[in-house]
Amino acid sequence: MQKILLTFLLTGAIVGLQAQQRNANPSAPVASPTGVATAPSKDSKPSPADIVFNPDANVVTENEVTVKGQRVPYRATTGTMPVFDEEGKAIAGLFYMYYERTDVKDRATRPLVISFNGGPGTASVWMHMAYTGPYLLNIDDEGYPLQPYGYKKNPHSILDVADIVFIDPVNTGYSRPTSKEVPTSKFFGVNADIKYLAEWIRVFVGRNNRWESPKYLIGESYGTTRVSGLALELQNAQWMYINGVILVSPTTLGIERDAISEAALRLPYYAATAWYHKKLPADLQQKDLTAVLPEVEQFAVNEFLPALGMGGFIDPAKRKAIAAKVARYSGVSEKSVLQNNLSMTPAYFWKELLREEGFTVGRLDSRYKGIDRKDAGERTDYNAELDSWEHSFTPAINSYLRNVLNYKTDLKYYIFGPTNPWDRSNDQTGENLRQAMAQNPYLHVLVQSGYYDGACDYFNAQYNMWQMDPGGKLKSRMDWKGYRSGHMMYLRKEDLEKSNEDLREFIKKTTPKPNQPAKY
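Position labels on residues start from 1 in each chain and follow its written sequence. With the structure being a predicted model, the display of local features is reserved for residues of pLDDT at least 70 and the display and counting of side-chain atom pairs for 80 or more, all residues being used for whole-chain, interface and lining totals. As a rule here, side-chain values come from all non-hydrogen atoms in the structure, and water together with hydrogens is ignored.

Draft legend 1. Structural view of the overall build of the protein. For the protein, the helix and strand inventory stands at 15 helices and 16 strands. Out of the 520 residues in the protein, the part that is buried amounts to 54%. Contact criterion: two residues are considered in contact whenever any of their non-hydrogen atoms come within 4.5 Å of each other. Contacts in the protein between residues far apart in sequence, at least 24 positions, make up 71% of those at least 6 positions apart. Taken as a whole, the protein presents about 23000 Å² of accessible surface, with 54% of it coming from carbon and sulfur. Under this rule, positive means Lys or Arg and negative means Asp or Glu; His and the chain ends count for nothing. Just so you know, the charge point we use is NZ for Lys, CZ for Arg, CG for Asp and CD for Glu. Computing the positive centroid from 60 side-chain charges and the negative centroid from 58, the protein places the two 3 Å apart. We count a stretch as a helix when DSSP gives it H or I for four or more residues in a row; a strand needs E for two or more, and each element gets its number in order from the N terminus. Burial status follows relative accessibility: with a 1.4 Å probe on protein chains alone, a residue under 20% of its type maximum counts as buried, one over 50% as exposed, and anything between as partly exposed. Here the open area of atoms and residues is found with the Shrake-Rupley method and a 1.4 Å probe, where only the protein chains shown may cover a residue.

Draft legend 2. Inspection of helix α6 (residues 267-276) at higher detail. Counting buried residues in α6 gives nine out of ten residues, a clear majority hidden from the surface. If you check which residues of α6 are buried, you get Leu267, Pro268, Tyr269, Tyr270, Ala271, Ala272, Thr273, Ala274 and Trp275. In this structure, the buried side of α6 is in contact with α5 (259-265), α7 (282-285), α8 (289-309), α9 (316-330), α11 (346-352) and α14 (458-468). Once α6 finishes, Lys278 follows within two positions and takes phi at roughly 60 degrees, a positive value.

Draft legend 3. Main features of the packing of aromatic side chains. Centres within 6.5 Å are what make two rings of Phe, Tyr or Trp a pair, Trp counting through its six-membered ring; a difference in plane orientation under 30 degrees is then read as stacked, over 60 as edge-to-face, and the rest as tilted. Using the criterion set out here, one finds 36 aromatic pairs in the structure. The interplanar angle of 70 degrees and the centroid separation of 5.7 Å between the aromatic rings of Tyr74 and Tyr99 together place this pair among those described as edge-to-face. Of this pair, Tyr74 sits in strand β4 (residues 70-84) while Tyr99 sits in strand β5 (residues 90-101), and the two are 25 residues apart along the sequence. For the pair formed by Tyr74 and Tyr99, the shared burial category is buried. Ring centres 5.6 Å apart and planes at 80 degrees place the aromatic pair Tyr151 and Tyr400 in the edge-to-face group.

Draft legend 4. Broad picture of the pattern of salt bridges. Criterion for a salt bridge: a side-chain nitrogen of Lys or Arg within 4 Å of a carboxyl oxygen of Asp or Glu. The full count for this structure, using the stated rule, is 31 salt bridges. One salt bridge connects Arg484 with Asp288, and the closest N-O pair in it is separated by 2.6 Å. With Arg484 in the loop between β16 (478-483) and α15 (493-510) and Asp288 in the loop between α7 and α8, this pair connects stretches of sequence that are 196 residues apart. Exposure remark for Arg484: the relative accessible area of 24% places this residue in the partly exposed category.

Draft legend 5. Geometry of α14. Within α14, nine of the eleven residues are buried, leaving the element largely enclosed by the surrounding structure. Of all the residues in α14, the buried ones are Tyr458, Phe459, Asn460, Ala461, Gln462, Tyr463, Asn464, Met465 and Met468. Elements that come into contact with the buried residues of α14 comprise α5, α6, α8, α13 (429-439), β15 (444-450) and β16. Definition of a polar contact: a pair of N or O atoms within 3.5 Å, with one able to donate and the other able to accept a hydrogen when the atoms are protein atoms, and with sequence-neighbouring residues admitted only if both atoms are side-chain atoms. The N-capping residue of α14, defined by a side-chain oxygen 3.2 Å from the backbone nitrogen of Phe459, is Asp457.

Draft legend 6. Geometry of the packing of α6 against α9. Only the stretch in contact is used when fitting a helix axis, every axis being a line fitted to C-alpha atoms; angles between N-to-C directions are given from 0 to 180 degrees. One way to put it is that α6 packs onto α9 with a least axis distance of 7 Å and a crossing angle of 45 degrees. Relative to α9, the element α6 lies oblique. Mapping the contact onto sequence places Leu267, Tyr270, Ala271 and Ala274 in α6 and Val326, Tyr329 and Ser330 in α9. Roughly parallel here means an angle under 35 degrees, roughly antiparallel means over 145, roughly perpendicular means 65 to 115, and every remaining angle is called oblique.

Draft legend 7. Summary view of the packing of α6 against α8. Orientation of α6 relative to α8, taken along the N-to-C sense of each, is 150 degrees, at an axis distance of 9 Å. Overall, the two elements α6 and α8 adopt an arrangement that is roughly antiparallel. Judged by the twist between their axes, the crossing of α6 over α8 is right-handed. Across the interface between the two elements, Leu267, Pro268, Ala271, Ala272 and Trp275 from α6 touch Leu289, Val292, Leu293, Val296, Glu297, Phe299, Ala300 and Phe304 from α8. A per-class count over the contact of α6 with α8 returns twelve nonpolar, no polar and one charged. By the definition used in this description, the sense in which the near helix is turned from the far one sets the handedness, with an anticlockwise turn below a right angle giving left-handed and a clockwise turn giving right-handed. Residues are grouped as follows: Ala, Val, Leu, Ile, Met, Phe, Trp, Tyr, Cys and Pro are nonpolar; Asp, Glu, Lys and Arg are charged; every other residue, Gly included, is polar.

Draft legend 8. Structural context of the pairing of strand β11 (residues 215-220). Counting buried residues along β11, six of its six residues qualify, which places the element largely inside the surrounding structure. Where burial is concerned, the two faces of β11 agree: the one with Lys215, Leu217 and Gly219 and the one with Tyr216, Ile218 and Glu220 are both buried. Bridge count between strand β6 (residues 112-116) and β11: five bridges; the pairing is parallel. Within β11, the residue paired with Phe116 across the bridge is Gly219. Seen with its strands pointing away from the viewer, a crossover is right-handed if its path from the first strand over the helix to the second goes clockwise. Traced from β11 through helix α4 (residues 222-238) to strand β12 (residues 244-248), the parallel crossover comes out right-handed. A pair of strands is considered paired only if DSSP assigns at least 2 bridges between the two.

The values reported here are purely geometric and, on their own, carry no functional implication.
In C-alpha cells, the structure reads:
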C-alpha cells in the first residue's frame, strides 16, 4: 500500500511539473525534471540510452530587478525551441533565455532585443551574465575573477526599456542537433548560420506574439557577423524588419583588407595599449587617452599607410623617420619596428610590449598580463584574458541556470562548443547590413568598441563603417562609441554603466514615434 501511494504522489508531482514546463505550443513535448525528455525502456529501468534531448520544452520563473532606482518585475522563460527544416521537421533545438517585463500593458510598443555572442562556437553567456541581463556575475570593478563565485542583480540592465532573448546557436550552451544524422552543414557556416537562425527567430516571434514589437539585434564579436547578415535575411526571407543593429566589438564583416591596410589600421590599438601600460613617451603619456588617439589615427592613415605601400623601395631616411614614429606611438623600440619592416604582427606586439618586465599582454583585452615559460619568442603561450574570463563565467552560468532560472539538466553547458569546420566562404555580411539599411529607413546601427581590444580593434570597427557607406548616405543612422576596456568592455564597472546607458538611449532614439512613416 505504501509503495502504491508513493508511486501515485511521484506521478502527480511530475505531471504538475510538466504542466508548468509545457511550451506555449500546446502540442509541444514536455521536459522531464532533469530538463531533457526521457524515453522509458521495456522494463522501465533508466539507462543512459533512454535519455534523449528534448528540442521543445521550457520552464518559467518570475523575478524582479531594480534598474536606475525603478522596480522592474519580469518573467523568465528558459528552455529549448526547435529549428525546423524545409519539410517542417525539427533538426535541432536552440536553448534560449527570454526575459519579458510583466507590468507592461502594450507589447506592440515594447522593444524586443535579440542577443547573440560569437566564436562562432560560443554561447550567449557573456552578454547575458555580464552586460544586459538582469543578473551579473561576481567580478571586481575591473573585471577580474573573485571567489566565492556567484552573481548578483544587475542595476544597469536594459530590461527597464526592452525585453531580451539570449540565444545559443547549435552546439553552444544547451543547444543540440536532434540527431547525429543531421548534416553539420545545415548550421556551421557564415550563411547557413544566418539562414537557420532567421527561421528560428520567425518562429520565436510568432509563438511569443511579438510581431508588432520594435525589434533590435545585438551581437558581440562573431555575433556581429551573425546579426549583420540576419538584418537582411530577416527582411528578405522572413519579411521581418528591424529597428536597430548593435555591433559589440565587431569583426571585419567580410570587408576585405590587404596586408598593408591591416598593418596601418591596428597602430591606434597599439598606441592605446601602450598608453595603458605607461609605455609612451612622457609628452604623450601625460595626455588623456582620447587626446592621444586622434594624432595616431591621422598618422596611420595619412603617413603610415602610404609608407607601407612603398615597401622596400621607400627612401631610407623616410623609412627611419616612419619607424621612429611607429615606435613612439606603439611603445616598442625603433630597432624592433625596423626589424619587422615597419609592420609588427599583433602576436609579436603582445609578446614584445612588456617583454623586459617579464609579462605578455592579452589579445582580447590588453589590460590583462600573462606569464610565459620564457620571455624569448614571437608569440604568447596563452591568452591571459580568456583564461581569466572562463574562470569567472563557467561557475556563474551553471549555478544561475539551475538555481535562479530553475533549469536542471545533466547536459554540459558549452561555453565553447564543437562547431568546426566552419564555412567562412562568401562572407558579405557588411554589405548585407548596408543593403538592409538602404531598404529600411527605420534601421539604425550602433557600434561599441573597447580601446584595448586587440582581436576586433576599435579603429577597424570605424573602418567598417567607412567602407559600408562609401556614399555617405547612411552615416546619420550609424554611431560609434568607445570604452576604456577590451573586447568585453562591459566587464569594467564604469563601462558597464556607460555602455548600457548608450544602449538605452539608442533604443529610445530609434523606436519610431506613433504613426511615424518609414520613408526617405
